[in-house]
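# Examination of the molecular architecture
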Amino acid sequence: MKTILLVDDSRAVRLVGRRMMGTLGLNVLEAEDGKQALEVARANPELDAVLLDWNMPIMDGMEFLTALRNEERDKQPIVVMCTTENDMPQIVQAMQAGANEYIMKPFTEDIVRDKLEETGVL
Amino acid sequence: MSPEDYTYITKYLLDTTGLSLGENKEYLLEARLIPIAQSRGMNGIEDLVLSLRSQLDQSLKTEVMEAMTTNESSFFRDKRPFEEFKTSILPDLIAERKISKKLRIWCAACSNGQEPYSIVMSLRENFPELIDWNIQIVGTDLCTKALHRAEAGVYSQFEVQRGLPVQLLMKYFEQCEQGWKIKSDFDVGIQWKHLNLLEDFKHLGMFDIVFCRNVLIYFEPDLKKNILDRIRNQMNSSGVLLLGAAETVLGISDHYSKLPECQSAIYRVSGQKTQETQEVT
Ligand SMILES: C[S@@+](CC[C@H](N)C(=O)[O-])C[C@H]1O[C@@H](n2cnc3c(N)ncnc32)[C@H](O)[C@@H]1O
């Protein structure tokens, strides 16, 4: 079973996300900001994927992504952004920082499935 | 809605668009047709049927036909057919056509355009050697509204996230007020044409590849056969036909054989052209 880390400061989004990921057959971990997410990622070297919000307190999604991609780890997880930052310059910025796919909120289950399939997580 | 009105409209749709609604779809007809009646100040479906029967109002006829079409589509729909198009169909066809450097592709029910745009992107991404080829892509549909959308190439945020990898969104689309638009400097070279598959389409000429996906599914077997046979007559001898995921030629037309190397509904024409099959209308 593959493991995905949901990073979002909104409990509601994590709740919906957890249910969706569950039906897609993924094992779900959660974090509510980038700093927590880094800790979870470090504790889980086998982590397969991260679904990542952008705007969060303490450490935002972009800082997390940059830090993650600079870490020495045997396995770099697939990172799918999942954010309300829906303009082209931001998409470009995230992709250049090492994201693999991009979901513009509001999302649906179909979109999440498509994007996870697209990146080989499913 | 009275049983007589129901019978009249379903027969009307069957004759004009091929759509076979069957029984007990009153709710669907009402949901789609009451708004039309209201927008014309009519007193419900009864008035609408009266007006249809009088045959006087051409624009009402078109509006009713178009209201009943299902235009749902997505980029690279079902994914695998497009993978197989890239790996199993195009390489051989390109090798075969390397002297004439010409390919003609038809999307026979292109709806809002995701299918032809997916084809163009796939060609650009995977076959840069085709840059100096004469590639003609013809997108046709019964529904004028869908064709207008296709030509404008504007999609909602939701639509560009279905099946379209973000890398392709970044490369081929720009943001606009209504969402995302095919870049104006991306010369897609698609010809858009209004066409009812029940009518003659010989004037479109001959094709190497025909996408006829997720439209025959709404038709009765006889009509499917009629259309498949006439499509066969518009295909070159090594022509390839792609159907939707839930569609098959099996038991309907024997002018095609399944490509064994493909898992999707992809067929090569087999044997001779069919006897002249007449269009239905
Ligand atoms: C579900 S869409 C399929 C779009 C696309 N081929 C795909 O697979 O995603 C079906 C399309 O068939 C069109 N259609 C229905 N009846 C038709 C007819 N008699 N002639 C041509 N197009 C027709 C509809 O207008 C609609 O756009």
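Further up the page is the structure itself.
The following paragraphs examine the structure supplied in this document. (Residues numbered from 1 in each chain as written. Chains lettered and ligands numbered in written order. Predicted model: local features only at pLDDT ≥ 70, side-chain atom pairs only at ≥ 80, totals over all residues.)

## Focus on unusual backbone geometry
- Going from K105 of chain A to P106 of chain A, the amide bond is cis rather than trans, its omega being 0°.
- Tracing the chain through its elements places P106 of chain A in the loop between strand 5 (101-104) and helix 5 (109-118).
- For N214 of chain B, which is not glycine, the phi torsion reads 60° and is therefore positive.
- Looking at the secondary structure, you find N214 of chain B in the loop between strand 7 (207-212) and helix 9 (221-232).
- By the C-beta count within 10 Å, which is 20 here, N214 of chain B ends up buried. (Helix = DSSP H or I, 4+ residues; strand = E, 2+ residues; numbered from the N terminus. Buried ≥ 20, exposed ≤ 12 C-beta atoms within 10 Å, placed from the backbone.)

## Structural notes on the sheet that holds strand 2 (residues 27-31) of chain A
Residues and elements named next belong to chain A.
- Taken together, five strands build an open sheet; the order of strands is 2-1-3-4-5 and the sheet is parallel. The open sheet terminates on both sides in strands that have one partner only, identified here as strand 2 and strand 5. Looking at each pair of strands side by side, their axes are set apart by 20° on average, direction ignored.
- Both strand 1 (residues 3-7) and strand 2 contribute to a ladder of five bridges, which runs parallel. When the sheet's bridge partners are listed, I4 is paired in strand 2 with V28.
- Against the sheet, helix 5 engages strand 4 (78-83) and strand 5, with an angle of about 175° to strand 5. (Pairing = 2+ DSSP bridges. Axes fitted to C-alpha atoms, helices over the stretch in contact; angles between N-to-C directions. Contact = placed C-beta atoms within 7 Å.)

## Side note on the sheet that holds strand 3 (residues 154-155) of chain B
Residue and element names in this part refer to chain B.
- Read across the open sheet, the three strands follow the order 3-5-4; overall the sheet is antiparallel. Strand pairing shows two members of the sheet lacking a second neighbour, strand 3 and strand 4 (173-176), which therefore form its edges.
- In this structure, strand 4 lies alongside strand 5 (residues 179-182), joined through four bridges in antiparallel fashion. For F173, the partnering residue across the bridge sits in strand 5 and is I182.

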